[in-house]
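Read off the chains here:
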Amino acid sequence: MNSNQFVIGVDYGSDSVRSVIIDALNGRELASSVYEYARWKKGLYCNAAANQFRQHPLDYIEGLEITIKDCIQLAGGAEITPYIKGISVDTTGSSPVAVDKTGTPLALLPEFENNPNAMFVLWKDHTAVKEAEQINAHATRFDVNYLKYVGGIYSSEWFWAKLLHVLREDQQVRNACHSWVEHCDWIPFLLTGGDNAAEIKRSRCAAGHKALWAEEFGGLPPDGFFSSLDPLLLGFTERLFRDTYTSDIAAGTISKEWAHRLGLSENVVIGVGAFDAHMGAVGGQIEPYHLSKVMGTSTCDILVAPTKDIDGKLVKGICGQVNGSVIPGMVGLEAGQSAFGDTYAWFKNIISWPLNNLLDHSKVITPDVAEALKAELSEEIIPELSRKAALLPIDEANELAVDWFNGRRTPDANQLLKGAITGLSLGSDAPRVFRALVEATCFGAKSIVERFIQEGIPVKGIIGIGGVAKKSPFVMQTMADILGMPIRIHQFTHTCALGAAMFAGVVAGIHPTVEDAMTAMGKGFDENYEPNEANQKIYAKRYEQYKGLGEFIAFQIAQSKDQVSAANQNQVVS
Ligand SMILES: Nc1ncnc2c1ncn2[C@@H]1O[C@H](COP(=O)(O)OP(=O)(O)O)[C@@H](O)[C@H]1O
Ligand SMILES: O=C(CO)[C@@H](O)[C@@H](O)COP(=O)(O)O
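Thresholds, definitions, all that
- Residue positions within a chain follow its written sequence, with the count starting from 1.
- Lettering of chains starts at A and numbering of ligands starts at 1, both following the order in which they are written.
- Side-chain atom pairs in this predicted model are given and counted only at pLDDT of 80 or more, local residue features only at pLDDT of at least 70, and totals for whole chains, interfaces and linings cover all residues.
- Neither water nor hydrogens contribute to the side-chain values; these are computed over all heavy atoms in the structure.
- Secondary structure elements are defined from DSSP: runs of H or I of at least 4 residues count as helices, runs of E of at least 2 residues count as strands, and each element is numbered from the N terminus.
- We take the radius of gyration over the C-alpha atoms and set the globule estimate at 2.2 Å times the residue count to the 0.38 power.
- The buried label goes to any residue with under 20% of its type's maximum accessible area, the exposed label to any with over 50%, and the partly exposed label to all in between, with areas taken from a 1.4 Å probe on protein chains only.
- We call two strands paired when DSSP finds no fewer than two bridges between them.
- To obtain an axis, a line is fitted to C-alpha atoms, over the contacting stretch when the element is a helix, and the angle between two such axes runs from 0 to 180 degrees between their N-to-C directions.
- By the convention used here, residues are in contact when the closest approach between their heavy atoms is within 4.5 Å.
- Residues enter patches when their relative accessible area tops 30% and they take part in no salt bridge; the joining distance is 9 Å for like charges and 5 Å for the nonpolar side chains Val, Leu, Ile, Met, Phe, Trp and Tyr.
- Under the convention used here, a 1.4 Å probe and the Shrake-Rupley method define accessible areas, while residue burial counts only the protein chains that appear.
- We define a salt bridge as a contact between a side-chain nitrogen of Lys or Arg and a carboxyl oxygen of Asp or Glu at a distance within 4 Å.
- Whenever a nitrogen or oxygen atom comes within 3.5 Å of another N or O atom, the pair is scored as a polar contact, on the condition that within protein one atom can donate a hydrogen and the other can accept it, and that pairs from neighbouring residues in sequence are kept only if both atoms are in side chains.
- In this text, near means that some heavy atom of the residue lies within 4 Å of the molecule or strand in question.
- Any residue outside Ala, Val, Leu, Ile, Met, Phe, Trp, Tyr, Cys, Pro, Asp, Glu, Lys and Arg is labelled polar, Gly included; the first ten of those are nonpolar and the last four are charged.
- Each helix should span, by expectation, one fewer than its residue count multiplied by 1.5 Å.
- When an angle is under 35 degrees it counts as roughly parallel; over 145 it counts as roughly antiparallel; between 65 and 115 it counts as roughly perpendicular; any other value is oblique.
- Left-handed describes a crossing whose near helix is turned anticlockwise from the far helix through less than a right angle; right-handed describes the clockwise counterpart.
- UniProt positions are given in the numbering used here, feature names are shortened, and annotations may be inferred rather than shown by experiment.
- In this description, a nonpolar core means a group of buried Ala, Val, Leu, Ile, Met, Phe, Trp, Tyr and Cys residues linked to one another through side-chain atoms lying within 4.5 Å.
- Domain ranges listed in this record stem from an automatic or a database domain assignment.
- Computed with a 1.4 Å rolling probe, the buried area is the accessible surface lost when two parts are put together, summed over both parts.

### A look at the overall build of the protein chain
Part 1: Summing up its helical and strand segments, the protein chain has 21 helices and 20 strands in all.
Part 2: Its C-alpha atoms give the protein chain a radius of gyration of 23 Å, within 12% of the compact-globule value 25 Å for 574 residues.
Part 3: C-alpha atoms of the protein chain, sized along the principal axes, occupy 70 × 65 × 60 Å.
Part 4: Each of the 574 residues in the protein chain was classed as buried or not, and the buried ones make up 57%.

Below, the structure is given as structure tokens:
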């Protein structure tokens, strides 16, 4: 008897989606495939200057089909498909979309196909800053603190702020929007052939961390909470959901159409989805009180603690704490940084300006050579800057930066904050400034660890996963020195997708619990960064400088905001 039991994990990141086929009995990878979103890659529907980042549902559908089919092909084609038992999916979040009554994202309808407001509002879209501020002010008027499980501050990166913004912004979308759905809830709905928005199984992870769902409230906050903020939200809670599901539960079985499209059997079980970092934490074999850091474009930091330990404890200024958001029976706590690798990418773009803008007019090289040169150098810039920066002495008087280039996610969300670089001199060259930016992102990471500890949640170890963790020994060593803690890097490349595959192993009935799946399918760590004692001492002083600079920046921004609102009020009066 052939006892093969294979599962598929799908991980939707910010720029690309990857799928893996894994042997559920031992964690062996049979195949992996990555697809970069075609429309997103062209910059369509986005306006970085206005912080607008939208993704078309077709990018997600095409990526799903292409990567899964590619994996099947690589793993042996039709020979292996009978053994594929389950698929689970993780996505970024909060990345919601407006859907009609059938659960179809509006951008899939002809009249909305090019309307960014009818597309997924990616987590890093900050167009809803005003709405988030209003939610925060509004929440103080109620006896019940509906923000208590999301660290006390609602963010513009989240579900309700984005819904309100889109409803205000676009009357056509408002009229057609029946419900509002997270990316991680829509993909399982799509794969199971759902056609009724009311039946979408909502992820506990997404609902608890971003939509204010809590067991204590018996679901979402009452409709009156939202409609008294803006009548446009009237009736939404009834059309959304009351129940949520952890990802060890099945969303259903694959639809005939998708089984046919992917060449799979009609018995494949589809799991309830969750956010990337949460499934990634499972893929990275998280343990209680260890902080799993997905370090990529942004960071998403996940810690789990047994439910009985938390027992009413609330952690201020993080992104949320939700029972069962990572592992059923444990509270998952989420924090993170809105720009991590994105900070390095920003610097790379700045110094690539002549490459990107002048090379095309060159009289010396042909356009083909210019393109090839751009592509080659673009790949080399961050690795080479890292090599040079690693050789520089660490000193208290070095250039100093603050990492809030995309606002601050935690501690204490504030998306209005900005990045800064100080201590510049004529001797500040690219490696020195790059090093200051890397240090800043690591200081930002330290402030998160510090907040957990201050709030009574011990951090006993650090697990690194994600692109930067795998690609940059320089960033990881700096992180270990600044945190003063060792960092273990998980051996698996696509760790979030592996986590999704572990959940698929549970929903398909191969493993009884998530912990069992982790034990059977996890292969441990392949890199360990130990803190350097001498660097650690200097960095302890530099961290104080970083906090001082951060306070200064925050003060300046708050002051200029006050001046703007005073000026606006004066205009209204006169
Ligand atoms: N060698 C490197 N060192 C440090 N950062 C890097 C390096 N190569 C790429 N990056 C950064 O990694 C980020 C992408 O991370 P990745 O985990 O691959 O993607 P995602 O966040 O979309 O899942 C980019 O922001 C990029 O600037
Ligand atoms: O914020 C969350 C999850 O809550 C992430 O989806 C978000 O940081 C996106 O992660 P990536 O940096 O694209 O890996």
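Picking up after the structure, the text goes on.
### Comments concerning the sheet that holds strand E19 (residues 487-490)
Part 1: Across the sheet, which stays open at both edges, the 7 strands sit in the order E14-E15-E13-E12-E18-E19-E20 with mixed pairing between neighbours. With partners counted over all chains shown, the strands left at the sheet margins are strand E14 (320-323) and strand E20 (525-529), one partner each. In this sheet, neighbouring strand axes are inclined to one another by 25 degrees on average, regardless of whether the strands run parallel or antiparallel.
Part 2: Pairing of strand E13 (residues 299-306) with strand E15 (residues 330-337), which is carried by 8 bridges, proceeds in the antiparallel orientation. Bridge pairing in E15 links Pro-306 to Met-330.
Part 3: Sitting on the sheet, helix H16 (residues 430-454) touches strand E12 (290-295), E13, E15 and strand E18 (461-465), and the angle it makes with E15 is about 150 degrees.

### Thoughts on a nonpolar patch on the surface
Part 1: A cluster of nonpolar residues, Trp-346, Ile-350 and Ile-351, forms a patch on the protein surface that exposes about 250 Å² of accessible area.
Part 2: Note on placement: Ile-351 falls in helix H13 (residues 341-351).

### Focus: the environment of Lys-388
Part 1: Here Lys-388 lies in helix H15 (residues 367-390).
Part 2: Separated by 207 residues in sequence, Lys-388 and Val-181 have C-alpha atoms that sit 45 Å apart.
Part 3: One polar contact links Lys-388 to Glu-384, side chain to side chain, over a distance of 2.7 Å.

### A closer look at the site of ligand 2
Part 1: With respect to spatial proximity, the complete set of residues near ligand 2 consists of Ser-14, Thr-92, Gly-93, Trp-123, Lys-210, Phe-275, Asp-276, Thr-297, Ser-298, Cys-300, Glu-334 and Arg-409.
Part 2: Contact between ligand 2 and Asp-276: an oxygen atom at 2.9 Å from a side-chain N or O atom of the residue.
Part 3: Its free accessible area being 380 Å², ligand 2 has 93% of it covered by the protein chains.
Part 4: Of the residues in the shell around ligand 2, the class split is 3 nonpolar, 5 polar and 4 charged.

### Structural notes on the site of ligand 1
Part 1: Taken together, 13 residues sit near ligand 1, with Thr-297, Gly-341, Asp-342, Ile-382 and Gly-467 positioned nearest.
Part 2: Between ligand 1 and the protein, one listed contact pairs an oxygen atom with a backbone N or O atom of Gly-341 at 2.8 Å.
Part 3: The backbone of Asp-342 places a nitrogen or oxygen atom 3.2 Å from an oxygen atom of ligand 1.
Part 4: In isolation ligand 1 has 580 Å² of accessible area, and contact with the protein removes 77% of it.
Part 5: If you list the elements that add at least two residues to the shell around ligand 1, you get H13 and helix H17 (467-471).
Part 6: With 4 residues, H13 is the single largest residue contributor to the shell around ligand 1.
Part 7: Residue composition of the shell around ligand 1, by class: 4 nonpolar, 6 polar and 3 charged.

### Considerations on the side chain of Thr-127
Part 1: Its location among the elements puts Thr-127 in the loop between strand E7 (120-121) and helix H3 (129-139).
Part 2: Accessibility expressed as a relative area gives 18% for Thr-127, which makes it buried.
Part 3: Side-chain polar atoms of Thr-127 contact the side chain of Arg-54, separated by 3.2 Å.
Part 4: Within the local environment of Thr-127, its side chain forms a polar contact with the side chain of Asp-125, the two groups lying 2.4 Å apart.
Part 5: Among all residues touching Thr-127, those that are not within four sequence positions of it are Ala-50, Asn-51, Gln-52, Arg-54 and His-165.

### Here we look at helix H2 (residues 57-75)
Part 1: Its 19 residues place the ends of H2 27 Å apart at the C-alpha level, agreeing with the 27 Å of an ideal helix rising 1.5 Å per residue.
Part 2: Turning to H2, its buried residues number three or more, namely Pro-57, Asp-59, Tyr-60, Ile-61, Gly-63, Leu-64, Glu-65, Thr-67, Ile-68, Cys-71, Ile-72 and Ala-75.
Part 3: After H2 finishes, the residue Gly-76 shows a positive phi value of roughly 130 degrees.

### Some details on the packing of helix H19 (residues 495-507) against helix H20 (residues 514-521)
Part 1: Relative to each other, H19 and H20 sit at 120 degrees, their axes nearing to 9 Å. Regarding the angle of H19 to H20, the classification is oblique. Note on packing geometry: the crossing formed by H19 with H20 is right-handed. Judged by residue contacts, Leu-498, Ala-501, Met-502, Phe-503 and Val-506 of H19 engage Val-514, Ala-517, Met-518 and Met-521 from H20.
Part 2: Considered class by class, the residues forming the contact of H19 with H20 number 9 nonpolar, no polar and no charged.

### Some remarks on the UniProt feature "domain: Carbohydrate kinase FGGY C-terminal" (unreviewed entry) in the protein chain
Part 1: Here, the residues flagged by UniProt with the feature "domain: Carbohydrate kinase FGGY C-terminal" (unreviewed entry) are residues 293-506.
Part 2: Annotated as 45% helix and 18% strand, the span residues 293-506 places its first and last C-alpha atoms 24 Å apart.

### Considerations on the nonpolar core
What tends to happen in soluble globular proteins is that the nonpolar side chains get buried as a cluster.
Part 1: In terms of nonpolar packing, the biggest core is built from 57 residues, with Leu-333, Phe-452 and Val-475 touching the most fellow members.
Part 2: Excluding anything up to four places from it in sequence, Phe-452 contacts Leu-291, Val-315, Ile-318, Leu-333, Ala-335, Ile-457 and Val-459.
Part 3: Formed by 43 residues, the second largest nonpolar core is a distinct cluster that contains Ala-75, Val-89, Leu-122 and Val-268.

### Some points on the pattern of salt bridges
Part 1: This structure, assessed with the given rule, holds 36 salt bridges.
Part 2: The salt bridge involving Lys-41 is made with Glu-36; its shortest N-O contact spans 3.2 Å.
Part 3: The network of salt bridges with common partners includes Glu-65, Lys-69, Glu-257 and Arg-261.

### Notes on the domain arrangement of the protein chain
Part 1: By domain assignment, the protein chain separates into domain 1 (6-284 + 492-527) and domain 2 (337-490 + 532-560).
Part 2: The straight-line distance from the C-alpha centre of domain 1 to that of domain 2 is 29 Å.
Part 3: The interface of domain 1 with domain 2 comprises 23 residues on the first partner and 15 residues on the second.
Part 4: Across the domain 1 to domain 2 interface the summed buried area is about 1600 Å²; carbon plus sulfur atoms make up 55%.
Part 5: Inspection of the region where domain 1 meets domain 2 yields 3 salt bridges.
Part 6: Note that Arg-409 is salt-bridged to Glu-157, the shortest N-O span being 3.1 Å.

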